[in-house]
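Examination of the molecular architecture
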Amino acid sequence: MNARENPTRQSWLIFIALAFLLCAFNLLENRTFIFGPAVLETTDFAANALQIIDAKSFHDIYGNYSRWGFNHPGPFFFYAYALGEGVLFNALGVVKSPHQAHVFSGILVQSLFLSAAICCFISLTRRRLTGFVVLACASAFLPATVAAVTSIWPPHVLFGPYVLLIVSCAAMALGRHRWIPVATLAVCVLCHGHVAQPLMTIPMLLLASFLYLRNSRSASMDYRTAIKIALPQVLLALIIASIFLVPIALDLLRCPDCNAHRIASYMHSAGRPARWGQAFNYIASFFLFDHSPEWLDGVRKIRVLTSRTAIVAAMCAAALAAPALMKKKLGSEEYSSLRIIAVFAMFALLLSIIWAKRITGPLYEFNGFFVYGICFVLMAMAACAFILPLRQPKYSISAAALLCAVTVVVSLAYPAPKSFSALSAVRPAPQPISHNNLALINQTDRGDWPVMVALALWLKRSNVEYMVPRSWMFMYGWDRGSNAEKILQAGTQVEIWESGTDQEMLRKGAFDPSAFCRIGIDSQQPSLTGTSDAVTKARSACSMTTFGLDIPTGQSEGWTDGNIVAFQFAGRHVTGDVDFVLDIRPYLGSGTLRKQTVRINVNGVQVQSLDVSDERLVTVAIPGTVWNKSSVVTVTLALPDAASPSDLGLSNDNRKLGLMIHSVKVDYPAETTVPDRAAIENN
């Protein structure tokens, strides 16, 4: 074998082999989870699974949700996981639940990106030994990131694509036009993955394009000829970009009710940005694997030059100096390739500092996994600079064997990542409710969302329609906000779900639908006496559920949020009218509104409509025939005049307020019975 190796003709075989090895190794490490018992997602994994289901039917046009009330730009990763679910779970049955198929698919996606990046390294240096060097670096580097390959949590998945972006842009800059579509693909994937990635990627691609044309000019080739040579690759890149732009274009057609508008609104109302000292120290934290850098958010007065930034500066300087130190022992092509990789890595580092300066909240570790990509490229580049001069065959073989041994030993020294956030699924899975019923998930407490969103996922996979309060649409889906018209049309075919002992599921590690609070024919009847804490006590005892009513923890009253509020509880069988008494105060927006119209429905029948302009007791006489229509009584208050303080220009509160509910009271007629509820339901 010649000392100068050119693996170009075998690049596809090398790519496939590397992808297979990386994927197989990570599957082997995580086999207990991926090929184990069926699971149901919780937390963000459940929220993302809701969108993956939409992607399976080509309805999803958004990326993962942001806690700031918008979605990241595009759904590339969700479509990749949807494809994996369709093949691995639905068609082949090699895994026992969709989430396991998603993790399998995520490992494959990251393996493909990393394999392409390693192939680009090999192509640039024209040495197969480069592949062993980069692979060894990956085995030492990746475990320290905890989940860069195995996790499908959206903030984690940017690592592989960003590594590929840096090295493919370096290849473009050296005139390798075949890498133009690859660099474009990396840009598109990254921009779909995070709203800040256009800043981190498009300048990289523009710089690579400029250097490509400049390099062509220096090679005695005019710009027209250079573009003509690269025209097939440019056209392919444009096709790739147009495909990724489709969901963004579809979103723009929905404006002003569009994701682009929500992103713009957030940027307009964002708080104060970080300072330069914070920005530099944030980015330096990733180089030192500080897994909790968010503490810097509370340190506004911190210098740019600190011990951590000094260490990182020395690390970067050493990495940049490596090719220069070994210049005489490296071939000219190897030296040029490593140098341009270093240039793009440092440019990416500069962009990341600018981004860190722009952020308006804590920079958590998960936000910077693409920065880990920069660290990895610098590490691999420096390692190549020192190892590639080993040109003699015996040294190359020895080095390759040593690096392979290091890869295996270092990888096995780390435990398998634990980042899959799932509960063991119920087997056999019970039917939640009738497919004709409407589930109302009263998500109000920020502490119970990890399991409540798992409930929504379970309902959706059971083909049950669900709704959530408007303020939680950003997580559950923008088409899942409470709709007064649909709720009223559903009548008695409504079931309200609230958190009961759902947090126990996290401790037990198993999904249990019975842990949630839901009123049935066997539920205890509430004691609604009109006291200020009657509703709170009934909800705590799971004898009443509410929807659209936000009562803060530790308080006994709260505001309605949205155009409808619903109460559900087990009722007695009556022979006369029932008085339903509400102690309420209307939201008038500091005098901006004159009244709140309240339309009261019981078991799907409107029994009263009134205008409320001051705090008062409202007594509603409900005919016994209406009350007895169902043993589970559903009382809904439609509030067409509800408005948010932000829309009225009074504050930043986005809740759509209608009524303050002080208390609820039910007065039964003298002759009431507690009949056989099952018999009533059958009738």
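Residues numbered from 1 in each chain as written. Predicted model: local features only at pLDDT ≥ 70, side-chain atom pairs only at ≥ 80, totals over all residues. Heavy atoms only, no water.

**Observations concerning the sheet that holds strand β7 (residues 549–550)**
- On the basis of which strands lie adjacent, the open sheet formed by 5 strands has the order β7-β8-β16-β11-β14 and antiparallel pairing. Here the strands that pair on one side only, and so sit at the sheet edges, are β7 and β14 (616–622).
- Direction of pairing for β7 relative to strand β8 (residues 558–561): antiparallel, over a ladder of 2 bridges. The partner of leucine 549 across the bridge, within β8, is threonine 560. (Pairing = 2+ DSSP bridges. Helix = DSSP H or I, 4+ residues; strand = E, 2+ residues; numbered from the N terminus.)

**Remarks on the side chain of aspartate 561**
- Following the sequence through the fold, aspartate 561 ends up in strand β8.
- Look at aspartate 561: it is buried, it has no salt bridge, and the nearest opposite charge is arginine 470 at 4.1 Å.
- Of note is the side chain of aspartate 561, whose polar atom sits 3.4 Å from the side chain of serine 471.
- The contacts of aspartate 561, once residues within four sequence positions are left out, are Arg470, Ser471, Gly548, Arg655 and Lys656. (Buried < 20%, exposed > 50% of the residue type's maximum accessible area, 1.4 Å probe, protein only. Lys, Arg positive; Asp, Glu negative; His and termini not counted. Salt bridge = Lys/Arg side-chain N within 4 Å of Asp/Glu carboxyl O. Polar contact = N/O pair within 3.5 Å; in protein donor to acceptor, adjacent residues only side chain to side chain. Contact = heavy atoms within 4.5 Å.)

**Quick look at the packing of aromatic side chains**
- Counted under the stated rule, the structure contains 31 aromatic pairs.
- Between phenylalanine 70 and tyrosine 266 the ring centres are 5.4 Å apart and the planes differ by 45°, which places this aromatic pair in the tilted class. With phenylalanine 70 in the loop between α3 (43–56) and α4 (76–91) and tyrosine 266 in helix α11 (residues 259–269), this pair connects stretches of sequence that are 196 residues apart.
- Of the residues examined, phenylalanine 70 reaches a relative accessible area of 2% and is grouped as buried.
- Taken together, Phe141, Phe159, Phe286, Phe289, Phe369, Tyr372 and Phe376 form an aromatic cluster joined through their ring pairs.
- A cation over an aromatic ring shows up here: arginine 262 above the ring of tryptophan 478, its NZ or CZ 3.7 Å from the ring centre.
- Positioned above the aromatic ring of tryptophan 276 is the side chain of lysine 357, whose terminal nitrogen or guanidinium carbon lies 5.7 Å from the ring centre. (Phe/Tyr/Trp six-rings, centres within 6.5 Å; stacked < 30°, edge-to-face > 60°. Lys NZ or Arg CZ within 6 Å of the ring centre and 35° of its normal.)

**Considering the confidence of the model for the protein**
- On average, residues of the protein carry a pLDDT of 87, and 91% of them reach 70 or more.
- Note that residues 1–7 has pLDDT below 50 and, in this model, 16 contacts with residues that lie over four places away or in other chains. (pLDDT = per-residue confidence, 0-100.)

**Here's the deal with the sheet that holds strand β15 (residues 632–638)**
- Spatially, β6-β9-β15-β12-β13 is the arrangement adopted by the 5 strands of the open sheet, whose pairing is antiparallel. One side of each edge strand has no neighbouring strand; the edge strands of this open sheet are β6 (544–547) and β13 (605–612). In this sheet, neighbouring strand axes are inclined to one another by 15° on average, regardless of whether the strands run parallel or antiparallel.
- Relative to strand β9 (residues 564–570), β6 runs antiparallel, the two sharing 4 bridges. Counterpart to threonine 545 in the pairing with β9 is glutamine 568. (Axes fitted to C-alpha atoms, helices over the stretch in contact; angles between N-to-C directions.)

**Regarding the state of the cysteines**
- Evaluation of the coordinates by the stated rule reveals 2 disulfides.
- Note that cysteine 255 is cross-linked by a disulfide to cysteine 258, the S-S spacing being 1.9 Å. Here the S-S torsion is close to 80°, and the disulfide linking cysteine 255 with cysteine 258 is therefore right-handed.
- According to the relative accessible area criterion, cysteine 258 is buried, its value standing at 1%.
- Linked covalently through their sulfurs, cysteine 517 and cysteine 542 form a disulfide whose S-S length is 2.1 Å. Here cysteine 517 and cysteine 542 share a disulfide; its torsion about the S-S bond, 115°, makes the bridge right-handed. Placement of the pair is cysteine 517 in the loop between α20 (503–508) and α21 (534–540) and cysteine 542 in the loop between α21 and β6, with a sequence separation of 25 residues.
- If you count the bonded cysteines of the protein from the N-terminus, they pair up as 1-2, 3-4.
- The cysteine cysteine 169 is free of any disulfide, with cysteine 120 supplying the nearest cysteine sulfur at 9.3 Å. (Disulfide = S-S within 2.5 Å.)

**Looking at the side chain of aspartate 251**
- If you trace the backbone, aspartate 251 turns up in helix α10 (residues 223–252).
- The buried charged residue aspartate 251 lacks any salt bridge partner; its closest oppositely charged side chain belongs to arginine 262, at an N-O distance of 5.0 Å.

**What to know about unusual backbone geometry**
- Cis peptide bonds are those with omega within 30 degrees of zero, and the linkage from cysteine 255 to proline 256 qualifies with 10°.
- Of note, asparagine 463 is a non-glycine position whose phi angle comes to about 60°, a positive value.
- Within the secondary structure, asparagine 463 sits in the loop between α17 (449–461) and β4 (465–467).
- Its relative accessible area of 59% is what places asparagine 463 among the exposed residues.
- For asparagine 603, which is not glycine, the phi torsion reads 50° and is therefore positive.

**Remarks on the layout of surface pockets**
- When its volume is computed, the second largest pocket comes out at roughly 1,100 Å³.
- Looking at the second largest pocket, it is lined by 34 residues, and the ones nearest its centre are Trp12, Phe15, Ala116, Trp179 and Val182.
- Those elements that provide at least two residues to the lining of the second largest pocket are α1 (11–29), α4, α5 (98–125), α8 (180–193) and α10.
- Of the residues belonging to the lining of the second largest pocket, the class tally is 24 nonpolar, 7 polar and 3 charged. (1 Å grid on protein atoms, 1.4 Å probe; cavity = no way out; pocket = protein on both sides within 12 Å on 5 of 7 lines; lining within 4 Å. Points joined across faces, edges and corners; volume = space filled by probe spheres on them. Nonpolar A, V, L, I, M, F, W, Y, C, P; charged D, E, K, R; others polar.)

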